[in-house]
Amino acid sequence: MWPENVGIRAIEAIFPSQFVDQTELEQFDGASAGKYTIGLGQGKMGFCSDREDVNSLCLTVVSRLLERYQIKPQEIGRLEVGTETIIDKSKSVKSVLMQLFADSGNTDIEGIDTTNACYGGTAALFNSINWIESSSWDGRYALAVCADIAVYAKGAARPTGGAGAIAMLVGPNAPLVFERGLRATHMEHAYDFYKPDLSSEYPTVDGKLSIQCYLSALDTCYQLYCKKFAKKYPQEAEFTLDNFEALLFHTPFCKLVQKSVARVVFNDFLQCSIEKRALKYPGLERFNECTLAQTYFDRDVEKAFMTQFADVFEAKTRQSLLLANQVGNMYTPSVYSGLVSLLINTPTERLIGKRIGLFSYGSGLAATMYSMQVTKDTAAFKQLVSKLDYVLPMLNSREKVAPELFSQLMEVREKNNHAAPYTPTGSVSALFPGTYYLQSVDDMHRRTYERKPTIANGVH
Ligand code: CAA
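If you're wondering where the values come from, they're calculated on a predicted model, not measured in any experiment. (Residues numbered from 1 in each chain as written. Predicted model: local features only at pLDDT ≥ 70, side-chain atom pairs only at ≥ 80, totals over all residues. Heavy atoms only, no water.)

S.K.: Help me out: how do you make sense of the sheet that holds strand β2 (residues 18-21) in this one?
M.R.: Think of a sheet as strands paired side by side through backbone hydrogen bonds, with each pair either parallel or antiparallel. Spatially, three strands are ordered β3-β2-β14 in an open sheet, and the strand pairing comes out mixed. With partners counted over all chains shown, the strands left at the sheet margins are β3 (44-47) and β14 (399-400), one partner each. Here four bridges tie β2 to β3, and the two strands are oriented antiparallel to one another. Across the sheet, the residue bridging to D21 is K44, located in β3. Each of β2, β3 and β14 is contacted by helix α1 (residues 22-29), which is oriented at about 60° to β2, the strand it contacts most. Packed on one face of the sheet, helix α16 (residues 403-416) meets β2 and β3 and runs near 35° to β3. (Pairing = 2+ DSSP bridges. Helix = DSSP H or I, 4+ residues; strand = E, 2+ residues; numbered from the N terminus. Contact = heavy atoms within 4.5 Å. Axes fitted to C-alpha atoms, helices over the stretch in contact; angles between N-to-C directions.)

S.K.: What is the right way to read the pattern of salt bridges from this model?
M.R.: It is possible for side chains bearing opposite charge to pair when their charged atoms get close. Under the counting rule described, the total for this entry stands at 23 salt bridges. Here E411 makes a salt bridge to K154, at a shortest N to O gap of 3.5 Å. Of the two residues, E411 sits in helix α16 while K154 sits in the loop between β6 (141-150) and β7 (162-171), which places them 257 residues apart along the sequence. For E411, a relative accessible area of 33% translates into the label partly exposed. When its relative accessible area of 58% is taken as the criterion, K154 is described as exposed. K382 is the salt-bridge partner of E349, the closest N and O atoms lying 3.4 Å from each other. One end of the pair, E349, is in helix α13 (residues 348-351); the other, K382, is in helix α14 (residues 378-386), and 33 residues separate them in sequence. (Salt bridge = Lys/Arg side-chain N within 4 Å of Asp/Glu carboxyl O. Buried < 20%, exposed > 50% of the residue type's maximum accessible area, 1.4 Å probe, protein only.)

S.K.: Please explain the site of the ligand as it appears in this structure.
M.R.: Neighbouring residues of the ligand: 27 residues in total, closest S32, A33, K35, H250 and K259. Coverage of the ligand by the protein chains reaches 74% of its 1,000 Å² of free accessible surface. Where the shell around the ligand is concerned, the elements lending two or more residues are α2 (35-39), α6 (207-232) and α7 (254-271). For the shell around the ligand, the residue count by class is 15 nonpolar, nine polar and three charged. (Near = heavy atom within 4 Å. Areas by Shrake-Rupley, 256 points an atom, 1.4 Å probe, with all protein chains shown as cover. Nonpolar A, V, L, I, M, F, W, Y, C, P; charged D, E, K, R; others polar.)

S.K.: Got a minute to help me understand the packing of aromatic side chains in this structure?
M.R.: The relative placement of two aromatic rings is captured by the distance of their centres and the angle of their planes. In this structure the tally under the stated criterion is 25 aromatic pairs. Ring plane angle 65° and centroid distance 5.0 Å describe the contact between F47 and F406, whose orientation is recorded as edge-to-face. One end of the pair, F47, is in strand β3; the other, F406, is in helix α16, with 359 residues separating them in the sequence. In this pair, the class of F47 matches that of F406, namely buried. (Phe/Tyr/Trp six-rings, centres within 6.5 Å; stacked < 30°, edge-to-face > 60°.)

S.K.: Would you mind going over the UniProt feature "active site" (unreviewed entry) in the protein chain with me for this structure?
M.R.: Mapped onto this numbering, the UniProt entry annotates "active site" (unreviewed entry) at E84, C118 and H250. You can see E84 is positioned in the loop between β4 (76-82) and α4 (93-97). Not counting residues within four places of it along the chain, the set of residues in contact with E84 comprises T115, A117, C118, D148, F193, K195, Y331 and T332. According to the relative accessible area criterion, H250 is buried, its value standing at 4%. The contact partners of H250, leaving out residues within four places of it in the chain, are C118, Y214, V257, N329, Y331, S334, V335, F359, S360 and Y361. Side chain to side chain, H250 and S334 meet in a polar contact 3.4 Å long. (UniProt positions renumbered as here; feature names shortened; annotations may be inferred. Polar contact = N/O pair within 3.5 Å; in protein donor to acceptor, adjacent residues only side chain to side chain.)

S.K.: Hey, could you run me through the UniProt feature "domain: Hydroxymethylglutaryl-coenzyme A synthase N-terminal" (unreviewed entry) in the protein chain in this one?
M.R.: In the UniProt entry, the feature "domain: Hydroxymethylglutaryl-coenzyme A synthase N-terminal" (unreviewed entry) is given for residues 2-175. In the segment residues 2-175, helix accounts for 26% and strand for 26%; the C-alpha atoms at its two ends are 18 Å apart.

S.K.: Teacher, can you tell me more about the sheet that holds β4 here?
M.R.: Pairing in this open sheet of nine strands is mixed, and the strands run β5-β4-β6-β7-β1-β8-β13-β12-β11 from one edge to the other. The outermost strands of the open sheet, each flanked by one partner alone, are β5 (113-114) and β11 (246-249). Bridge analysis of β11 against strand β12 (residues 355-362) gives four bridges, and the strand direction is parallel. Along β12, the bridge assignment pairs F249 with F359. The strands touched by α6 within the sheet are β8 (176-187), β11, β12 and β13 (366-374), with β8 carrying the most contacts at an inclination of about 125°.

S.K.: Just checking my understanding: could you explain helix α9 (residues 299-308) for this structure?
M.R.: Every α-helix winds through 3.6 residues per turn, so residues three or four apart in the chain are directed the same way. Inspection of α9 places V301, E302, A304, F305 and M306 among the buried residues, and these make up the whole buried set. The opening residue of α9 is D298, an N-cap whose side-chain oxygen sits 2.9 Å from the backbone nitrogen of D300.

S.K.: Sorry if this is basic, but what is going on with the environment of K228 here?
M.R.: On the secondary structure map, K228 appears in helix α6. Those residues within four positions of K228 in sequence are excluded, and the remaining contacts are G181, L182, R183 and A184.

S.K.: Help me understand empty space enclosed by the protein, please; the structure alone is not making it clear to me.
M.R.: To find leftover empty space, a probe the size of one water molecule is rolled over the atoms. Within the structure shown, the criterion is met by four cavities of 30 Å³ or more. Around the largest cavity, the lining comprises 15 residues; the ones closest to its centre are R413, N416, N417, H418 and R447. A per-element tally of the lining of the largest cavity places α16 first, with three residues. Taken together, the residues of the lining of the largest cavity break down into six nonpolar, three polar and six charged. Surrounding the second largest cavity, L215, K259, A262, R263, F266, T295, Y296, D298, V301, E302, F305 and M306 form its lining. For the lining of the second largest cavity, the residue count by class is seven nonpolar, one polar and four charged. (1 Å grid on protein atoms, 1.4 Å probe; cavity = no way out; pocket = protein on both sides within 12 Å on 5 of 7 lines; lining within 4 Å. Points joined across faces, edges and corners; volume = space filled by probe spheres on them.)

S.K.: How should I be thinking about the pairing of β13 in this particular structure?
M.R.: Both faces of the sheet carry side chains from a regular strand, because those side chains alternate between them. The element β13 is extensively covered by neighbouring structure, given that eight of its nine residues are classed as buried. As judged from the eight bridges shared by β8 and β13, these two strands associate in the antiparallel manner. Paired with M187 across the bridge in β13 is A366. Examined bridge by bridge, β12 and β13 share eight bridges and lie antiparallel to one another. Each residue of the ladder has a partner; that of G357, found in β13, is S371. Between β12 and β13, which follow one another and run antiparallel, lie three residues, and G364 among them has a positive phi close to 115°.

Have a look at this one:
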């Protein structure tokens, strides 16, 4: 039978146990006070020492999800990984994760890694959904995993780093259901952010172009989403931002998301007939002749829409920025960290039966706007949300590290990236219980991982 209500049945998020404070980083970097905190909207930035890599992050998040939700390894039929943190040009992270399934004897698990900047996680998720909705489905769950360590060379981009991993259990009859026929994609060739130097963890970034690419992809995806909505629901009124109870974004830094909400309202404004505009958008007539293409960096448009619709940002998006503000850009998990933040920050009653919009963006570029419906089954939804009750205590139990030490630890990563043989020097005691960490790399570049003991009642 065709599976119904395919979506997210469980979601698990992890982030580094150490962070650097953005106010302290401003001082250390000699940036003007407020640039990172107010200008970019960032509070803290999580980072990993050389003890963690993309494999260990994925091992941690997948084992936590299986344990905490009591999913047997045999119940997984597909496992997809989205990442842009490439430590091996051939061997996938997925194959490393198969260690977690070895004891169960389940080797019949499809799926492999997907890469395109921050979009890989969304591709992994879509592949998982597509598998369940296809003739290849064998009745088991899919697991979509996204993880990255986002690090930048010293300079303007460094405060926009972060790290983390998210695993999502995908299956039928889920509390968060993906809406069929409502995916709007825009892909294009661009050199806005890319990693051509395979020996370095750092990207090559054209900061201004990256922002323009992000905003123009948002415009295109949103307009296409509106068109697809009209096609799917011809009897309903024209789609506007009002139809989303919440709108989540890939978040390189929070300020860009605040601007993006204003940008979506600006799209609605331009779609609205001139006669209706005066009523719905009073005082904004001076922008009647503006176009999307001319306004990526138009401060007047940006400021007017941000100011006048600040309440829209507060209502639909602010709650989803908790992890982005406190951990930073996680790259592939970023938009899903927005989902976790929304779930833990919003009264469940408000979301029941509602539509949540998501905008996923990966430089290079690949972007999709799509939506999910929250189930009307209050008990099932509350159960999903209650499983995330560890997130805030875990965030609050992190260790603050001085920018000097953070900078030194970045240098250690930088110098030893791809070194073999290699024994990491980063602190193991600083890691959360239940964390997998890199034990050593042998002279054939083979990596061995250990796990910190979990605490008494399971994991952290
Ligand atoms: N107090 C308050 N605000 C201040 C300030 C101060 N003392 N000093 C500066 N600011 C403001 C600036 O006015 C600016 O805000 P507005 O744009 O709203 O005016 C903001 O702080 C940032 O300042 P700059 O524009 O001067 O910053 P920059 O050019 O030095 O660097 C950046 C910003 C380009 C985003 C850089 O951090 C970067 O390259 N980051 C990586 C690329 C990135 O994140 N791009 C985003 C889109 S691409 C994407 O989404 C994919 C991805 O994940 C990478």
